[in-house]
Amino acid sequence: MEEPRVLGAWDYVVFALMLGVSAAIGIFYGFRARRDKTAKEFLMANRSMSVVPVAISILLSFISAISVLGTPAEMYTRGTQYFMTTLGMMLACVLTAQLIVPLLYPLNLTSAFEYLELRFNSKWAKITGTCIMMVQQIFYMGIASFAPSTALEAVTGFPTWATIVIVGLVSTFYTALGGMKAVVWTDVFQGTIMLIGLLAIIIEGVIRVGGFDHVWEFNKRYGRIEFFEFDPDPSVRHTFWSLVVGGAVRWTSVFGVNQASVQRYCSLPSLKKAKLSVLINVIGIAVLLTLFCLTGIVIFAYYAQKQCDPLATKMISSSNQIAPFFVMEVLNFPGLPGLFIACLFSGALSSVSSCLNALAAVTWQDFLKPFLGHRLTEVQITWVTKLLVLIFGGAGIGVAFIVSGLEGTVLQASLSFNSAANGPLLGLFLLGGLFPWANGYGAVVGGILGLCLTMWISIGAYTIPRAPSGLPDINSTSCSANITSSITSMTTMAMTAMDFSSTTTVAPQELSGIQPLYTVSYLWYSSIGAATVVVVGLIVSFCTGPMSIDEVDPKYLIPLFDRLFCCLPASLRRTLRCKKEFPRPEVLLRLFSFFCY
C-alpha cells in the first residue's frame, strides 16, 4: 500500500504565511488607529472605507469553508442545477440595494436592530431581532471553524482541536486589534487566496482531463449538466424556482439585514457608495460561484475519465472529502496542497471575524450602551468593544469544540437554527418597512413564531429519508487496489451545513399526517419564515390595535413601488403608497449630519 499523502514543508510555509499576513493586517490597523480611539472608528471605520474592499468583504463574510467543500461536492454528486442559485443571489443584491440600503443607511445606525426599536417604538422588538441574530452568529462561528479543522486533520493528521484554536485565536486577534478596517482588508487578502486556490484546482484538473471540452462531455455523459428544472413542486430539492426565488429571499436577508452586511455598507461615506458596494457583488457572486461549480465538475470529469469514483469505492466516506482528496492526489507540486488548506482557512477566518465584529457591535449598542454609554469615555468604550470581541472569540472556540463532539439531533438543531433564522430576521424588517399598521406586539410574536415554524420544519426534515440523486455513478472498474487515502476520517459536517444530501439510496416510504411538510425544500425555509412573520405580525397588530399611517415616520418605511416600479404614473404610485410622501434618503442624511455633527 502507498503511504498516506501528507503536506510537505512548502505547504506549511504557504499556510503559515496566510495566517501571518492576516495577523499582520490587524497589527497594522491597530497601531494606525491609536490616534482615533473611538468606538465609531473601531466598529464602523468612521464611514471612511472604500467601495471595492467593502464589497469583497460583504461577499466573503458569508462564503465560508463550508462553501469551499460543499459546493464542489454538490456538483460532483448531483450536477449543475445548484448553479442557478447564482441568479437568486444576484437578484438579492439588486433588491438589497434598492430597498434595504436606502432604508437603513440614512439612519446612521451602528446596530441594524436599532431600526426595529425606532420603527415599532418597542425595545422588545429590537431585543427579539438581536437575540435571534446573536445565537445564530455564535452557532455559525462554531460551525465555520469546525469545517476546515476536519479537512486539515484528514490530510495532515494535525489535530482538530489545534486547528479550531488557531482559527479562533487568529481571527479574534486581528479583529480585536484592528476593528472594522482590519476585518475588511483581511477579507480582501483572504479572498485573493481563495481565488488562487480554486483556480489552481480548476486549471490543473482541466489539463489532466485534456481540455474543458472533455470536462463538459464527461459531465454531460453522466447526466450532470442540467440548469432549468421548472417543476413547481416545493418538495423537489432543487428547482429553478427554489434556487432563484427562494434563494433571493434568503440572500436578501443575508446581504440586507444581517448585522455584518449592515456594518459594512454603512461604513462607506455616501448612500451612493453603499448601494454600489452591494451591487458590485453581482459580479463577485458570478465569479466565485462559477469557480466553486467549475471545481466540482472538473473533479468529476477527472475521476470519470479515470473510471474510478473515490466515493463509490469507499476511498472517501463523504462527498465533502472529494475536493481535498483530489488536491492531495493531483496537485502534487510543492506548496499547492498548502494553498488549498489556506483557501479553506481563508473562508473560515473571514466568516468568523465578521461574526465577531457584528456581535461586538450589537452587544454594545443594543445592551450595554443604554446603561454604560453616558459613564464611559470614547477610549473606554473602544476597550469595551475590544473586550467583547475577545469574549465572543472565546465563545466561538467553545462552540466549535461542542460542535465537534455532537452527533444526531443536537447538532442538526444547531445547524437548523442557523439556516432557519435568516427568514424571520428579514420578515421583521419587511413587516416594519412595508406595513405601517404593524406594531411592536406583532413584531415580537411574529418573529418568535416565524423562527419556531422554520426550526420545526428544518429539524423535522431530518426524520424523512432523503431520495437518491438518480444520476448514474462513475464506472469504477479501473480503481487500483493499492490506493489509500488520508482523507477517510473527514466529517460530513460541511455537507450537513449546506443541507446537501449524499447519494445514499433509501427505501421510499408513505408519508402521513404533517410529514409532507418536512419534505419542503430547504431553499424555501427563509421564505416561509419571512412570510410567517409578516402574516402573524399583521394579525397580532390588528388584534392589539394597529398603528395609524400618520403615526409612523416615513423615514422608517420602504416606498416599494417608487423604488421598484418607478415607471408607473406618479398618481398611481402615490395611491399605492397610501398617499404618503417619503423624503429622499439624501435629505435624511443631511438632517442626520446637521444634528449629529
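Cut-offs used in this document
- Residues numbered from 1 in each chain as written.
- Predicted model: local features only at pLDDT ≥ 70, side-chain atom pairs only at ≥ 80, totals over all residues.
- Heavy atoms only, no water.
- Helix = DSSP H or I, 4+ residues; strand = E, 2+ residues; numbered from the N terminus.
- Buried < 20%, exposed > 50% of the residue type's maximum accessible area, 1.4 Å probe, protein only.
- Contact = heavy atoms within 4.5 Å.
- pLDDT = per-residue confidence, 0-100.
- Polar contact = N/O pair within 3.5 Å; in protein donor to acceptor, adjacent residues only side chain to side chain.
- Phe/Tyr/Trp six-rings, centres within 6.5 Å; stacked < 30°, edge-to-face > 60°.
- Lys NZ or Arg CZ within 6 Å of the ring centre and 35° of its normal.
- Axes fitted to C-alpha atoms, helices over the stretch in contact; angles between N-to-C directions.
- Parallel < 35°, antiparallel > 145°, perpendicular 65-115°, else oblique.
- Left-handed = near helix turned anticlockwise from the far one by under 90°.
- Salt bridge = Lys/Arg side-chain N within 4 Å of Asp/Glu carboxyl O.
- Core = buried A, V, L, I, M, F, W, Y, C linked by side-chain atoms within 4.5 Å.
- Nonpolar A, V, L, I, M, F, W, Y, C, P; charged D, E, K, R; others polar.
- Expected span 1.5 Å × (residues − 1).
- Bend = angle between axes of the 7 residues up to and from the residue.
- Patch = residues over 30% accessible without salt bridge, like charges linked within 9 Å, V, L, I, M, F, W, Y side chains within 5 Å.
- Areas by Shrake-Rupley, 256 points an atom, 1.4 Å probe, with all protein chains shown as cover.

Bringing the overall build of the chain into the picture now. Within the chain, the secondary structure is distributed over 24 helices and zero strands. Residues counted as buried form 57% of the 597 residues belonging to the chain. Considering only residue pairs separated by 6 or more positions, the chain has 87% of its internal contacts joining residues 24 or more positions apart.

With that out of the way, let us pick up the confidence of the model for the chain. Here the chain averages 85 in pLDDT, and 86% of its residues register 70 or above. Note on residues 481–507: pLDDT under 50 across the span, and 89 contacts to partners over four residues away in sequence or across chains.

Further remarks concern the side chain of arginine 237. For arginine 237, the position within the fold is in the loop between helix H9 (212–221) and helix H10 (240–257). What makes arginine 237 buried here is its relative accessible area of 19%. Among the polar contacts listed, one links the side chain of arginine 237 to the side chain of glutamate 74, at a separation of 2.9 Å.

The next subject is the environment of lysine 123. Counting through the fold element by element, lysine 123 comes out in helix H7 (residues 123–156). Linking lysine 123 and glycine 440, residues 317 residues apart in sequence, is a C-alpha distance of 8.5 Å.

Here the structure, examined in full by the defined rule, presents 22 aromatic pairs. Between the aromatic rings of phenylalanine 212 and tryptophan 216, the centroid separation amounts to 6.2 Å while the plane-to-plane angle is 40°, which identifies the pairing as tilted. Here tryptophan 216 and phenylalanine 212 lie together in helix H9, a separation of four residues that amounts to about one turn. Centre to centre, the rings of tyrosine 302 and tyrosine 303 are 4.9 Å apart; their planes meet at 80°, and the pair counts as edge-to-face. Comparing tyrosine 302 with tyrosine 303 shows no difference in burial state: the two are buried. One aromatic cluster is present, formed by Phe83, Phe212, Trp216, Phe227, Phe228, Phe230, Phe240 and Trp241 through successive ring pairs. The side chain of arginine 47 reaches across the aromatic face of tyrosine 105, ending 4.1 Å from its centre.

What follows covers the packing of helix H8 (residues 160–209) against helix H16 (residues 378–404). It is at 9 Å that the axes of H8 and H16 come closest, and there the two elements cross at 165°. By the angle between their axes, H8 is roughly antiparallel relative to H16. Judged by the sense of rotation from one axis to the other, the crossing of H8 with H16 is right-handed. Here H8 contributes Trp161, Ile164, Val165, Gly168, Leu169, Thr172, Thr175, Ala176 and Leu177 to the contact with H16, which in turn contributes Lys386, Val389, Leu390, Gly393, Ile397, Ala400 and Phe401.

Evaluation of the coordinates by the stated rule reveals five salt bridges. A salt bridge links lysine 181 to glutamate 41; the shortest N-O distance between them is 3.4 Å. Of this pair, lysine 181 sits in helix H8 while glutamate 41 sits in helix H2 (residues 39–44), placing them 140 residues apart in sequence. Judged by its relative accessible area of 9%, glutamate 41 falls in the buried class. The salt bridge involving lysine 306 is made with glutamate 329; its shortest N-O contact spans 2.3 Å.

What follows deals with the nonpolar core. Grouped together as the largest cluster of nonpolar side chains are 151 residues, with contacts concentrated most on Leu104, Tyr115, Phe255, Tyr265, Tyr303 and Phe340. When neighbours within four sequence positions are excluded, phenylalanine 340 is seen to be in contact with Val68, Leu69, Ile201, Ala323, Pro324 and Val327. Counting residues in hydrophobic clusters, the runner-up holds six residues, among them Ile164, Val399, Ala400 and Val403.

Moving on, we get to the packing of helix H3 (residues 51–60) against helix H13 (residues 281–306). Two elements in contact, H3 and H13, have axes whose closest approach is 10 Å; the angle formed by their N-to-C orientations is 50°. One finds that H3 runs oblique with respect to H13. Here the hand of the crossing between H3 and H13 comes out right-handed. Where H3 approaches H13, its residues Ala55, Ile58, Leu59 and Leu60 are matched on the opposing element by Asn281, Gly284, Ile285 and Leu288. A class-by-class count of the residues in the contact of H3 with H13 yields six nonpolar, two polar and no charged.

Once that is clear, we can look at unusual backbone geometry. The phi dihedral of arginine 47 is positive, around 50°, even though this residue is not glycine. Tracing the chain through its elements places arginine 47 in the loop between H2 and H3. Within the chain, asparagine 108 stands out as a residue other than glycine whose phi angle is a positive 60°. In this structure, asparagine 108 sits in the loop between helix H5 (85–104) and helix H6 (114–120). Classification of asparagine 108 as partly exposed rests on a relative accessible area of 23%.

So, about the environment of glycine 142. Tracing the backbone through its elements, the reader meets glycine 142 in helix H7. Setting aside residues no more than four positions away along its own chain, glycine 142 makes contact with Gly396, Val399 and Ala400.

Taking 1.5 Å as the rise per residue, helix H1 (residues 9–32) with 24 residues should run 34 Å; its terminal C-alpha atoms sit 34 Å apart, in good agreement. Asp11, Phe15, Met18, Leu19, Ser22, Ala23, Ile25, Gly26, Tyr29 and Gly30 are the residues of H1 that are buried.

Most pronounced at threonine 96, the bend in H5 amounts to some 45°. The buried count for H5 comes to 14 of 20 residues, which makes it a mostly enclosed element.

With that settled, the discussion passes to a nonpolar patch on the surface. Taken together, the side chains of Leu195, Leu199, Ile203, Ile207, Ile283 and Val287 present a nonpolar region at the surface, about 540 Å² in accessible area. For the nonpolar patch, the elements supplying multiple residues, two or more each, are H8 and H13. The biggest single contributor to the nonpolar patch is H8, with four residues. On the secondary structure map, leucine 199 appears in helix H8.

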